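The lines below spell out each chain.
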Amino acid sequence: MAQAPALPAGFELPLEARLPRIGAVDAVALEERAASLAKRSIKREAKVWALLLAIRTTDLTTLEGADTPGKAAALASKARRPDPSDASVPPVAAVCVYPNLVPAVRERLAGSDVKVAAVATGFPSGQYPTAVKLADVRSALELGADEIDMVIDRGAFLSGRYAKVYDEVAQVKEACGGAHLKVILETGELGTYDNVRRATLLAIAAGADFVKTSTGKIAPAATLPVALCMLEAIRDVYEETGRRVGFKAAGGIRQAKQAVQHLVLVHETLGPEWLTPELYRLGASSLVNDVLMQLRKERTGAYQSPDYFTLD
Amino acid sequence: MGGGFGERARLQVPAPRSDLSEPEPVVSELDKPKRDLEVPGDWTYASAPESRDIVRIAERYGHFVGGEWLEPAETYETIAPRDEEPLAAVGQGTRADVDCAVAAARAAYADGWSSLSGSERAKYLFRIARLLQERSREFAVLESLNGGKPIKESRDVDLPLAAAHFFYYAGWADKLEYAFPNRRPRPVGVAGQIIPWNFPLLMLAWKVAPALACGNTVVLKPAETTPLSALLFCDVLRQAELPPGVVNIVTGDGRTGAALVEHDGVDKIAFTGSTEVGKGIQRRLAGSGKRLTLELGGKAANIVFDDAALDQAVEGIVNGIYFNQGHVCCAGSRLFVQESIYEPLVAKLQRRLSTLRVGDPLDKNTDIGAINSAAQLEKIRELVASGEQEGAEIYQPPCTLPEKGYWFAPTVFTNVAQSYRIAQEEIFGPVLSVLTFRTPEEAIEKANNTPYGLSAGVWTEKGSRILWMAQRLRAGVVWANTYNRFDPSSPFGGYKESGFGREGGRHGLEPYLEFDR
């Protein structure tokens, strides 16, 4: 994945003057298209396929001040074997935690393919000097993270200091070495879909392996229109340069139905090649049990009480 | 007394029944064998059909005249275009049938409908609107079955808009004096209304609602291929207890329409359909003193500038020409792309076409349904062949079309010149012609270079340009950064050969009123 980022056409540096002219998005039409894709009726085999994919692409997440090694390890157990009573349910893609919890998670995940993702760069606000953010990234990697979920500096973005945002992402990418970098835009703070598109292209230009909607700490987070907006930007980069950047929808996805709608979005915008954990992730915590409940219903014909699904 | 416990009557214990089997052991859901679902290798959406059971179609229908069903002398079969299944026998209206209907309408008019207060008329219209909402799913299924359009559209567009029209005009019924101050509005009399097959129920609502709101009575002839939703509508009229004769429905083909147009007892004709037939009607009515409104064809220009939001413009283009299989008078059938973004836009458009799902109109995931009739399919094929012959380049995404029924894949022609038939004639199918332009002035020139003038679309992020274009486009409706937007409050109608008169809004009342000044 580590390669010199190819810039989409018209995207030359310096950015301050150019960026406001990039990325016209019509909000009304975008929301309508997202709503129309959300109306797809996905049933039976197609639904099971989507539910299993949702599990395989989940980054099981806990990002609380009160997280302890015990809590994080328990989540890691759940990540390895989401449904103890059904061996056909695959493990999730990754576990996402604050840096201090990485060792406990790593230990519990030893021997499995589930990755460890750490949030870094002064998550969630990003309001710290660059040097502090880079130190955060380095220590997360030293503690054993496979993937880094960074936040962009929204203060810099909204005050027009795009070059600073770009530089920071590029430096974090460098600090990551071979580790996989996800760049969180915090779309709920960006204000317009135009800005979301610009921030997406900016992050990709600076070297993101994945672009991610939100920290999950504020609303709105991963709405369908915002996801569609970012997917279209990813598509444009792919069409122009051949480079595939991944997408992570995080925040506010609690129900299996929402997860399936997000997958439909990817399927009909980018195509089936993107429907894999290498290029798609769902950042969620309570989603997994709802998906398991739906899977159980498809298999047995009945909904079970939540008591039958372990919390971890 | 006596006997005590020893002599107490023995309880009669019934012998065990031999016909009962052993009770089944209770098995927990968790232990029940799990159904092994065949998980496919890729994500093909399973079929999601809407059930037909909600609508009951009779074997045979007559004409609805004076609140009663008139036995038809002659009938013909109406079918489902998705697989040519015969649905019902409906009346082929004769001159005599039309005569009865007009007489019933006249009687109802004179009998009190015209002198009923506006608020009383409004109550009937509100009732009809409410009933349409309640029976919305039933009507949507019928409309998709008889007409061919996807259930997604009939459910989410046709039915809500039809109910909305009745609600809207119910609101005007008692405010005509305010709508036309100092002009003393009065109803015209008996209106003859002829509607097309592309939005059968919606076109009925567009005609009947304003006519009734203004105090007129109506004889309506639905299109030959799509009579069923109008006939089911008669049941709504019965439920609403509309006085008999206020709305009469006579089914049949062009001959029935001609009989209605020529009838001396009709005061006003409203026609929506092809320009050719519209011209014929106008000639017929010249000198007759009858009022006339025509809503005819179009060849709308959908104009995309280089600063447009491209992905959303593609959605608008697709909606503009593939909505309802392109059977839309205001369809954006000529795409004008600014040359500077021609390649990326056409690439996006072709890519988008590959995600359009052509299939069973009753499947909730279908985007493009069946072509309405064999005749229309033939017209589309003929024009598409002419396009290829004249030198345009054709693109159709790979899609499997069902064997039975009438189907056409979504099509895009590039390298189209203004003079090609596919850029001049209304195709009324899922066929888009792409042309280019360099400057806004050129876009105006080319967009207006057509005998039609119904609608147009403009795609640009620059607000001043939207206003500039809208002022210069010779089209009755101009959409900016959107397409195919309708609202009962918004007047709809064309310039030039797209007709005259407006439907919707306060303007839509005028054709149904006489004024003293």
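Residues numbered from 1 in each chain as written. Chains lettered and ligands numbered in written order. Predicted model: local features only at pLDDT ≥ 70, side-chain atom pairs only at ≥ 80, totals over all residues.

A.B. asks: Before we move on, could you go through the overall build of chain B and cite the residues and values that matter?
C.D. replies: Regarding its fold elements, chain B presents 15 helices and 19 strands. Here the C-alpha coordinates of chain B stretch approximately 115 × 65 × 45 Å along the principal axes. The buried share of chain B, reckoned over its 517 residues, is 52%. Partitioning the intrachain contacts of chain B with sequence separation of at least 6 by distance along the chain shows that 73% fall at a separation of at least 24. (Helix = DSSP H or I, 4+ residues; strand = E, 2+ residues; numbered from the N terminus. Buried ≥ 20, exposed ≤ 12 C-beta atoms within 10 Å, placed from the backbone. Contact = placed C-beta atoms within 7 Å.)

A.B. asks: Explain the overall build of chain A residue by residue, including any values.
C.D. replies: When helices and strands are tallied, chain A shows eleven helices and eight strands. At 19 Å, chain A has a C-alpha radius of gyration in line with the 20 Å of a compact globule built from 312 residues. Along the longest, intermediate and shortest principal axes, the C-alpha atoms of chain A span 60 × 45 × 30 Å. For chain A, buried positions account for 54% of its 312 residues. Of all intrachain contacts in chain A linking residues separated by at least 6 positions in sequence, the fraction that spans at least 24 positions is 75%. (Rg over C-alpha atoms; globule rule 2.2 N^0.38 Å.)

A.B. asks: For the sheet that holds strand 14 (residues 411-414) of chain B, give the residues involved together with the corresponding values.
C.D. replies: Residues and elements named next belong to chain B. In spatial order, the strands read 13-14-15-12-11-16-17; together these seven strands make up an open sheet with mixed pairing. In this open sheet, the two edge strands, each paired with only one partner strand, are strand 13 (393-395) and strand 17 (477-480). Averaged over all neighbouring strand pairs, the angle between strand axes comes to 20 degrees, with direction disregarded. Alignment of strand 12 (residues 334-338) against strand 15 (residues 431-437), held across five bridges, turns out to be parallel. Directly across from Val-337, in strand 15, lies its bridge partner Thr-436. (Pairing = 2+ DSSP bridges. Axes fitted to C-alpha atoms, helices over the stretch in contact; angles between N-to-C directions.)

A.B. asks: Before we move on, can you summarise the nonpolar core with the specific residues and values?
C.D. replies: One finds Val95(A), Ala203(A) and Val211(A) to be the most contacted residues of the largest nonpolar core, which totals 170 residues. Broken down by element, the residue count for this core peaks at ten residues, all from helix 9 (residues 224-241) of chain A. With 88 residues, the next largest nonpolar core counts Leu70(B), Leu131(B), Trp197(B) and Leu232(B) among its residues. (Core = buried A, V, L, I, M, F, W, Y, C linked by C-beta atoms within 7 Å.)

A.B. asks: Can you tell me about the packing of helix 7 (residues 162-176) of chain A against helix 8 (residues 193-205) of chain A, naming the residues and giving the values?
C.D. replies: Residues and elements named next belong to chain A. It is at 8 Å that the axes of helix 7 and helix 8 come closest, and there the two elements cross at 45 degrees. The angle between helix 7 and helix 8 falls in the class oblique. Helix 7 and helix 8 meet at a crossing whose hand is right-handed. Mapping the contact onto sequence places Tyr-162, Val-165, Tyr-166 and Val-169 in helix 7 and Leu-202, Ala-203 and Ala-205 in helix 8. Partitioned by chemical class, the residues of the contact of helix 7 with helix 8 number seven nonpolar, no polar and no charged. (Parallel < 35°, antiparallel > 145°, perpendicular 65-115°, else oblique. Left-handed = near helix turned anticlockwise from the far one by under 90°. Nonpolar A, V, L, I, M, F, W, Y, C, P; charged D, E, K, R; others polar.)

A.B. asks: Residue-level account of the sheet that holds strand 5 (residues 180-184) of chain A, with values.
C.D. replies: Residues and elements named next belong to chain A. Taking strand neighbours around the barrel as the criterion, the eight strands line up as 1-2-3-4-5-6-7-8 in a closed arrangement whose pairing is parallel. Averaged over all adjacent pairs, the angle separating strand axes in this sheet is 25 degrees, with direction ignored. One ladder, built from three bridges, connects strand 5 with strand 6 (residues 210-212); its direction is parallel. Looking at strand 6, one finds that Lys-182 is bridged to Phe-210. Across the sheet, helix 4 (residues 102-109) lies against strand 2 (94-97) and strand 3 (115-120), angled at about 170 degrees from strand 3, the strand it touches most. Sitting on the sheet, helix 9 touches strand 6 and strand 7 (246-250), and the angle it makes with strand 7 is about 170 degrees.

A.B. asks: Account for the interface of chain A and chain B, naming residues and giving values.
C.D. replies: Contacts between chain A and chain B engage 31 residues on the former and 29 residues on the latter. Counting only elements with at least two residues in the side of chain A that touches chain B, the list comes to helix 1 (27-38), helix 2 (44-56), helix 10 (256-269) and helix 11 (287-300) of chain A. Among the elements that make up the side of chain A that touches chain B, the one with the highest residue count is helix 2 of chain A (seven residues). Residue composition of the side of chain A that touches chain B, grouped by class: 15 nonpolar, five polar and eleven charged.

A.B. asks: Can you break down unusual backbone geometry residue by residue, with the values?
C.D. replies: Residue Pro124(A) is reached from Phe123(A) by a cis peptide bond, and omega for that bond is -5 degrees. Tracing the backbone shows Pro124(A) in the loop between strand 3 and helix 5 (130-142). The residue Glu84(B) is not glycine, and still its phi comes out positive at about 60 degrees. Among the secondary structure elements, Glu84(B) is positioned in the loop between strand 3 (75-80) and strand 4 (85-91). With a phi close to 65 degrees, Asn182(B) is a non-glycine residue in the positive phi region. Position of Asn182(B) relative to the elements: it lies in the loop between helix 5 (176-179) and strand 5 (186-187).

A.B. asks: Explain the pairing of strand 2 of chain A to me, and be specific about the residues and the numbers.
C.D. replies: Residue and element names in this part refer to chain A. Here strand 2 shows a buried face lined by Ala-94 and Cys-96 and a second buried face lined by Val-95 and Val-97. Summarising the sheet, strand 1 (residues 58-61) and strand 2 pair through three bridges and their orientation is parallel. When the bridges of strand 2 are listed, Asp-59 appears paired with Ala-94. Sheet analysis places strand 2 next to strand 3, joined by four bridges and oriented parallel.

A.B. asks: If you had to explain the domain arrangement of chain B to someone new, which residues and values would you point to?
C.D. replies: Residue and element names in this part refer to chain B. The domains assigned to chain B are domain 1 (63-296 + 498-514) and domain 2 (301-488). Here the C-alpha centre of domain 2 lies 29 Å away from the C-alpha centre of domain 1. Mapped onto the side of domain 1 that touches domain 2, the elements with two or more residues apiece are helix 3 (136-147) and helix 4 (151-172). Ranked by residue count, the leading element in the side of domain 1 that touches domain 2 is helix 4, at seven residues. Of the residues assigned to the side of domain 1 that touches domain 2, the class counts are nine nonpolar, eight polar and seven charged. (Domains from an automatic or database assignment.)

A.B. asks: Describe helix 7 of chain A, listing the residues and the values that go with them.
C.D. replies: Residues and elements named next belong to chain A. The end-to-end C-alpha distance of helix 7, which contains 15 residues, comes to 21 Å, matching closely the 21 Å that a straight helix rising 1.5 Å per residue would cover. Taken together, the buried positions of helix 7 are Tyr-162, Val-165, Tyr-166, Glu-168, Val-169, Val-172, Lys-173, Ala-175 and Cys-176. In this fold, the buried residues of helix 7 make contact with helix 5, strand 4 (147-151), helix 6 (154-158), strand 5 and helix 8. One or two residues past the end of helix 7 sits Gly-177, with phi positive at roughly 65 degrees. (Expected span 1.5 Å × (residues − 1).)

A.B. asks: With reference to specific residues and values, describe the pairing of strand 14 of chain B.
C.D. replies: Residues and elements named next belong to chain B. Bridge count for strand 13 against strand 14 is three bridges, and the pairing is antiparallel. Counterpart to Ile-394 in the pairing with strand 14 is Phe-413. Relative to strand 15, strand 14 runs parallel, the two being bridged by three bridges. Bridge pairing in strand 15 links Thr-411 to Val-431.

A.B. asks: Describe in detail helix 9 (residues 275-285) of chain B, supporting the description with residues and values.
C.D. replies: Residue and element names in this part refer to chain B. Restricting attention to buried positions, one finds in helix 9 the residues Thr-275, Gly-278 and Ile-281. Down the axis of helix 9, the buried side of the element spans an arc of 120 degrees, and every buried residue falls inside it. The exposed residues of helix 9 that point more than 90 degrees off its buried face are Glu-276 and Arg-283. Check the buried side of helix 9 and you find it contacts helix 8 (254-262), strand 9 (268-272), strand 10 (291-295) and strand 18 (499-500). Remark: Gly-287 follows helix 9 within two positions and exhibits a positive phi of approximately 80 degrees. (Arc of directions from axis to C-beta.)

A.B. asks: Break down the environment of Gly144(A) for me, citing the residues and quoting the values.
C.D. replies: All names here are of chain A. If you trace the backbone, Gly-144 turns up in the loop between helix 5 and strand 4. Judged by the 15 C-beta atoms lying within 10 Å of it, Gly-144 falls in the partly exposed class. Spatially, the C-alpha atoms of Gly-144 and Val-116 are 7.7 Å apart, while their sequence positions differ by 28 residues.

A.B. asks: Give a detailed account of the environment of Leu142(B), specifying residues and quantitative values.
C.D. replies: Of note, Leu142(B) is situated in helix 3. For Leu142(B) and Arg95(B), which are 47 residues apart along the polypeptide, the C-alpha to C-alpha distance reads 28 Å.

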